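Next come the chains, spelled out residue by residue.
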Amino acid sequence: MPKPNPAAMEFLLSRRSRPSKTLTFPIPSAQDLHPILTAAARTPDHGKLEPWRFIVLADAALPRLAELTDQRGAALGLDDEKRAKSKAQFATAGLVVAVVSSPKPSEKVPYLEQVYSAGAVCLALVNAALASGWGANWLTGWMAYDPEILTEGLGLGEGETVAGFIHLGTETSMPPDRPRPDLAAITTWVTE
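Residues numbered from 1 in each chain as written. Predicted model: local features only at pLDDT ≥ 70, side-chain atom pairs only at ≥ 80, totals over all residues. Heavy atoms only, no water.

(A) Main features of helix α5 (residues 111-131). Along its 21 residues, α5 runs 30 Å from first to last C-alpha, staying within 8% of the 30 Å computed at 1.5 Å per residue. Where α5 is buried, its residues contact α1 (6-14), α2 (30-40), β2 (52-58), β3 (95-101), β4 (135-139) and β5 (161-171). (Helix = DSSP H or I, 4+ residues; strand = E, 2+ residues; numbered from the N terminus. Expected span 1.5 Å × (residues − 1). Contact = heavy atoms within 4.5 Å.)

And the structure:
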């Protein structure tokens, strides 16, 4: 018989991300962040390739990325509102963990499976932060795909992308729950 973990199941059934704009200081310290990253790194990883890595963005890195985002947004011709919103993603943050999708050459493990693993790391990181009492939010935006932000701003190598910018901090308000999927509409049972 299975041995249930009711507390873990209750957490998973009630978890919800906290909007990044509602997160503030204090932020997790390096000591606080270590077990959160450790939990995230326990994500399924076929072939043990570790096709992902973390970049912890704090202090001067965030205003630097905010300025680069604004400059790139202008160069790309984004309107003022979109540029301001994109810039604020870094300018108003206290701590962001960039989860880098870093697929490895493999005859055994398909590229897409490695990308999925990086996405799973993002969710595991958010859940570990929430379970630790911090507010957390998984964001991307055009900055996660812009070649200059990836190379100049984050130092990513060829073939690497950002699977998610995970914002962490102290939540200032509990968001209302949102409508959840209708399981009957999205589930097919195949029994023959």
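Now, onward.
(B) View of the environment of glycine 155. Here glycine 155 shows up in the loop between α6 (147-153) and β5. By relative accessible area, glycine 155 is classed as exposed at 52%. If sequence neighbours within four positions are ignored, glycine 155 has contacts with Arg53 and Leu150. (Buried < 20%, exposed > 50% of the residue type's maximum accessible area, 1.4 Å probe, protein only.)

(C) Representation of the packing of aromatic side chains. Applying the stated criterion across every chain yields a total of one aromatic pair. For the pair phenylalanine 90 and phenylalanine 165, a centre-to-centre distance of 5.1 Å together with 90 degrees between the ring planes defines the contact as edge-to-face. With phenylalanine 90 in helix α4 (residues 80-91) and phenylalanine 165 in strand β5, the pair connects residues that are 75 residues apart, well separated along the chain. Taken individually, phenylalanine 90 and phenylalanine 165 each receive the classification buried, so the pair is uniform in this respect. (Phe/Tyr/Trp six-rings, centres within 6.5 Å; stacked < 30°, edge-to-face > 60°.)

(D) Representation of the packing of α2 against α5. Their axes nearest at 8 Å, the elements α2 and α5 cross at an angle of 140 degrees. Here α5 runs oblique to α2, going by the angle between their axes. Considering the relative orientation of α2 and α5, their crossing is right-handed. Packed against α2, whose contacting residues are Ile36, Leu37, Ala39 and Ala40, the element α5 presents Val121, Ala124, Leu125, Ala128 and Ala129 at the interface. In terms of residue class, the contact of α2 with α5 is made up of nine nonpolar, no polar and no charged. (Axes fitted to C-alpha atoms, helices over the stretch in contact; angles between N-to-C directions. Parallel < 35°, antiparallel > 145°, perpendicular 65-115°, else oblique. Left-handed = near helix turned anticlockwise from the far one by under 90°. Nonpolar A, V, L, I, M, F, W, Y, C, P; charged D, E, K, R; others polar.)

(E) Structural detail: the side chain of serine 102. Checked against the element boundaries, serine 102 lands in the loop between β3 and α5. Among the residues examined, serine 102 registers a relative accessible area of 10% and is labelled buried. For serine 102, the side chain forms a polar contact with the side chain of glutamate 160, separated by 2.9 Å. If sequence neighbours within four positions are ignored, serine 102 has contacts with Glu50, Pro51, Trp52 and Glu160. (Polar contact = N/O pair within 3.5 Å; in protein donor to acceptor, adjacent residues only side chain to side chain.)

(F) Here's a closer look at unusual backbone geometry. That bond from phenylalanine 25 to proline 26 is cis: its omega, 0 degrees, falls within 30 degrees of zero. Positioned with a positive phi, lysine 48 is a non-glycine residue whose angle comes to about 50 degrees. Within the secondary structure layout, lysine 48 lies in the loop between α2 and β2. Unusually for a residue other than glycine, glutamate 50 sits at a positive phi of about 50 degrees. If you trace the backbone, glutamate 50 turns up in the loop between α2 and β2.

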